[in-house]
Amino acid sequence: RRFASPRLGFAVPRRQLALAVDRNALKRVAREAWRLAPWGDAARPALAMIKLRRAEPEWRAMPAARLKKVWRAELDGLVARAVRRIAAAAGAAST
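Keep in mind that what you see is a predicted model, and the values were worked out from it rather than measured. (Residues numbered from 1 in each chain as written. Predicted model: local features only at pLDDT ≥ 70, side-chain atom pairs only at ≥ 80, totals over all residues. Heavy atoms only, no water.)

## Looking at the packing of aromatic side chains
One pass over the structure, following the stated rule, counts one aromatic pair. Seen in terms of ring centroids, Trp59 and Trp71 are 5.7 Å apart; in terms of plane orientation they differ by 80 degrees. Their pairing is edge-to-face. Here the residue Trp59 occupies a position in the loop between β2 (47-51) and α2 (64-94), and Trp71 occupies one in helix α2, the gap between them amounting to twelve residues. With respect to class, Trp59 is no different from Trp71; both count as buried. (Phe/Tyr/Trp six-rings, centres within 6.5 Å; stacked < 30°, edge-to-face > 60°. Helix = DSSP H or I, 4+ residues; strand = E, 2+ residues; numbered from the N terminus. Buried < 20%, exposed > 50% of the residue type's maximum accessible area, 1.4 Å probe, protein only.)

In structure tokens:
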């Protein structure tokens, strides 16, 4: 199935982040990290899924602005790893 624009799915369980405000903030930060990722020659996937697997205990006491920076740093690392994997797979497929 073809999509007009890349689709990005999220799974943020309530048991990880109890407040909807926090879940939505994480989703906004994840969308921003995805959109601003340095894709370069790597083709952006048409469909991707991001799942929050853990919540750090110190997140509860952290101010929102600091929390968003922590999330963004972690998401930037994950997206960069995905870009490298996609680029490597494309390079392997072309040879």
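## Structural notes on α2
At 3.6 residues per turn, the α-helix brings residues three or four places apart onto the same side. For α2, built from 31 residues, the straight-helix expectation of 45 Å at 1.5 Å per residue is met to within 8% by its first-to-last C-alpha distance of 44 Å. Three or more residues of α2 are buried, namely Leu67, Trp71, Leu75, Val79 and Val83. Buried residues in α2 make contact with α1 (20-35). (Expected span 1.5 Å × (residues − 1). Contact = heavy atoms within 4.5 Å.)

## A short note on the nonpolar core
Residues Val12, Leu17, Ala25, Leu26, Val29, Ala30, Ala33, Leu52, Trp59, Leu67, Trp71 and Leu75 constitute the largest nonpolar core, which totals twelve residues. Residue assignment for this core shows that the elements contributing at least two residues are α1 and α2. The biggest single contributor to this core is α1, with five residues. In contact with Trp59, other than residues within four places in its own chain, are Leu17, Leu52, Arg54, Leu67, Val70, Trp71 and Glu74. (Core = buried A, V, L, I, M, F, W, Y, C linked by side-chain atoms within 4.5 Å.)

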